[in-house]
Amino acid sequence: MSGSDTPAAPLVPEGWAPDSWTTKPIVQDVAYEDQAHLQSVLAKLRHLPPLVSPGEIDKLRTQLREVAEGKRFLLQGGDCAEIFDYCSADPIENKLRVLLQMSLVLTWGGRMPVVRIARMAGQYAKPRSKPTEVVDGVEIPSFRGDNVNGFDPKDRKPDPERLVGAYFHSAATLNYVRSLLSSGFADLHHPSTWDLNHVKKHEVRQDYQAIVNRLTDALDYMKTVGADDPAGANTLSTVDMFMSHEGLLLEYESCLTRPVRGAYYNLGSHFLWVGDRTRQLNGAHLEYFRGLRNPIGIKVGPTMEPEELARVLALVNPFNEPGKVTLITRYGADRVQQYLPAHIAAVKASGQAVVWCCDPMHGNTESAPSGHKTRPFDRIIHELAESLRIHKAHGSRLGGVHLELTGDRVTECVGGSMELAAHDLPSNYQTHCDPRLNYEQSLDVAFLVAKYYERERSSLASL
């Protein structure tokens, strides 16, 4: 059938509305004591203006389609859970800096443009395995994120006003990100200024420095030929940076879901994903997500049966729009070989054109002797490397990486080129939820992926 004969997909699925999720069973919902207060807050949110534009979302849809077609690579990263205090100049600048620098390395290594999606401006809610926890012998509600309750044990009662706080903190973050990117921030971090002194091993530092030198030469050449002319259409000094978060609190998400030209967009973020705990086929979250015009992500872990994955894709992307769905796999370094091949086979059999993205963080969390939650860098890299290898072996393509990271020099994950040890964790352990890669470790990932693609090109050139 030719493209002109293909029937156009309906903009709104049959039987769907922004609140049709309320007819489905829901998990990870929040129990608010004062329902009248909640409804008042939701009415205010419905009245507030959008945070992002439909045009920005459509641009991301186009770019993710190109990722699915093998023309781009996806980098998605940011905090496990933002807190309102991160809405400040330094944390925002540091996250932007590391994502921009990583994307530059990945662009050089893969020889293709990178789609940048930050876990920012809305990643305030977190699912929890248990609704309560015991603190100092007292059972209290678990910390669910700053848009639900406070981290302080005395502030654990869910407060609807925090939803409004999440909106305005997201708006302020987005505003500052846009102002930075429009004022040349992306052009301030030329590779020649990068400090690689954190790299302990001399040979590794030499490898990284060689990449930086080649990047520097390439950018200097582009400047010489005028490719970075600010008046040009493809200036190197400006980039796209899209925002994302887990679509967990459906009351909040549906308030920011607005009709545009016959479709419904969530205008609170460019990209949302469904977590591993909320992807039930008959559940409220997939019901909500199936009606969005936004590109969406689905977390895929060991508990996802291959047949179930095919049914999830049919539900949320019935007309197989390429790049509409990003499958974010999270198995653990020791289990990726056990589960990923069958998931690849199921998607191939379904005919769906998805973006495959590896989250090597969530399946590799463990406890250090000090009691801190941590993630060993070598296991993170092992899961990522195994994912690259398995996709290639099965005629598939890993199109992106999804990382919990910060641009700050925290001490939460062990290992990396700076050789952070378990006894270093207490020195600057800042996370309120899961451990993140710090600035140096995040760059390590980018350098290692770039070296993988460099080796791939070298092996092809020798054929």
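Now for a quick tour of the structure. (Residues numbered from 1 in each chain as written. Predicted model: local features only at pLDDT ≥ 70, side-chain atom pairs only at ≥ 80, totals over all residues. Heavy atoms only, no water.)

**Section: the packing of helix H9 (residues 336-350) against helix H10 (residues 377-393)**
Okay, step 1: Contact geometry of H9 with H10 gives a least axis separation of 10 Å together with a crossing angle of 35°. Read as a crossing pair, H9 and H10 show a hand that is right-handed. Where H9 abuts H10, its residues Val336, Gln337, Leu340, Pro341 and Ile344 lie against Glu383, Glu386, Ser387, Arg389, Ile390 and His391. (Axes fitted to C-alpha atoms, helices over the stretch in contact; angles between N-to-C directions. Helix = DSSP H or I, 4+ residues; strand = E, 2+ residues; numbered from the N terminus. Left-handed = near helix turned anticlockwise from the far one by under 90°. Contact = heavy atoms within 4.5 Å.)

**Some details on the environment of Gly415**
Okay, step 1: Relative to the assigned elements, Gly415 resides in the loop between strand E14 (400-404) and helix H11 (439-461).
Okay, step 2: Classification of Gly415 as buried rests on a relative accessible area of 19%.
Okay, step 3: Each C-alpha atom of the pair Gly415 and Leu437 lies 9.9 Å from the other, and the pair is 22 residues apart in sequence.
Okay, step 4: Discounting residues that sit within four places of it in the chain, Gly415 has contacts with Phe377, Leu420 and Gln441. (Buried < 20%, exposed > 50% of the residue type's maximum accessible area, 1.4 Å probe, protein only.)

**A short note on the side chain of Ser20**
Okay, step 1: By secondary structure assignment, the location of Ser20 is in the segment before helix H1 (35-47).
Okay, step 2: Looking at Ser20, its side chain comes within polar contact range of the main-chain oxygen of Ala17, at 2.9 Å.
Okay, step 3: Of note is the side chain of Ser20, whose polar atom sits 2.6 Å from the side chain of Glu287.
Okay, step 4: Residues contacting Ser20, with those up to four places away along its chain left out, are Gly15 and Glu287. (Polar contact = N/O pair within 3.5 Å; in protein donor to acceptor, adjacent residues only side chain to side chain.)

**Re the pattern of salt bridges**
Okay, step 1: Using the criterion set out here, one finds 31 salt bridges in the structure.
Okay, step 2: Here Asp58 and Arg261 are joined by a salt bridge, their closest N and O atoms 3.5 Å apart. Of the two residues, Asp58 sits in helix H2 (residues 54-68) while Arg261 sits in the loop between strand E6 (257-260) and strand E7 (263-266), which places them 203 residues apart along the sequence.
Okay, step 3: Here Lys299 and Asp359 are joined by a salt bridge, their closest N and O atoms 3.2 Å apart. (Salt bridge = Lys/Arg side-chain N within 4 Å of Asp/Glu carboxyl O.)

**Some remarks on the environment of Glu383**
Okay, step 1: Structurally, Glu383 can be placed in helix H10.
Okay, step 2: Taking the relative accessible area as the measure of exposure, Glu383 reaches 0% and is therefore buried.
Okay, step 3: Considering only alpha carbons, one finds Glu383 and Asp359, 24 residues apart in sequence, at a separation of 8.5 Å.
Okay, step 4: Not counting residues within four places of it along the chain, the set of residues in contact with Glu383 comprises Thr329, Arg330, Tyr331, Gly332, Ala333, Val336, Cys358, Asp359, Pro360 and Asn364.
Okay, step 5: Only 3.4 Å separates the side chain of Glu383 from the backbone nitrogen of Ala333, close enough to count as a polar contact.

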